[in-house]
Amino acid sequence: MVLYELSGSVHFDAAHFLLDYDGKCKNLHGHRYTVKYTVSSSCLTESGARQGMVCDFSDIKEIVGGITDPLDHKILIYACKATKDFTDACHAMGFETAELDFQTTAENLACYIYRRVEQNLKNDNIYLKSIEVFETPTNSVLYSEQHRENNGG
């Protein structure tokens, strides 16, 4: 079977902390996140402006960017009762936050971005293979639903 894979990446800067964590990351700190995305297809567009393509690279980048842009230059906060006072204080000081319903680990961000990208793919011939979130240039998390299914999860 022929399979084409397209990959690209976007970046965003954000601060976060890990609630109830015993380590350095319990403190507010920042990252320049890199989000690498890979889509695949077994066929190419047969006619029109995108003939010979799986899709235009900019189409996928726009989808991923639409999900990560609202996180850019924000304080990522796990929105729960324990962080409410902190969130209120951030807003009182004029800081922008992105309140998420999960602990803001790279693993959870990768899953969150993956599922949102998957919801926004409009082409039935394109499959989202994976989302990889880099917190640093050397540390990343790869999330793929296919891996989960193959492991019986």
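Everything discussed here concerns the structure shown above.
Everything numeric here is computed off the predicted structure, so don't read it as measured data.

A. Main features of helix α1 (residues 57-68). Over its twelve residues, α1 runs 17 Å from end to end, which matches the ideal 16 Å to within 8%, given 1.5 Å per residue. Within α1 the residues assigned to the buried category are Ile60, Val64, Gly65, Ile67 and Thr68. Around the axis of α1, the buried residues are gathered within 155° of arc, so they sit on the same side. Packing partners of the buried residues in α1 comprise β1 (4-16), β2 (29-41) and α3 (106-120).

B. Representation of the sheet that holds β1 in the model. Strand order in the open sheet made by the six strands is β4-β3-β1-β2-β5-β6, with mixed pairing throughout. Looking at the sheet topology across the chains shown, the edges are occupied by β4 (97-100) and β6 (139-143). Looking at each pair of strands side by side, their axes are set apart by 35° on average, direction ignored. Relative to strand β3 (residues 74-78), β1 runs parallel, the two being bridged by three bridges. Across the sheet, the residue bridging to alanine 15 is isoleucine 75, located in β3.

Quick notes on the rules
Residues numbered from 1 in each chain as written. Predicted model: local features only at pLDDT ≥ 70, side-chain atom pairs only at ≥ 80, totals over all residues. Heavy atoms only, no water. Helix = DSSP H or I, 4+ residues; strand = E, 2+ residues; numbered from the N terminus. Expected span 1.5 Å × (residues − 1). Buried < 20%, exposed > 50% of the residue type's maximum accessible area, 1.4 Å probe, protein only. Arc of directions from axis to C-beta. Contact = heavy atoms within 4.5 Å. Pairing = 2+ DSSP bridges. Axes fitted to C-alpha atoms, helices over the stretch in contact; angles between N-to-C directions.

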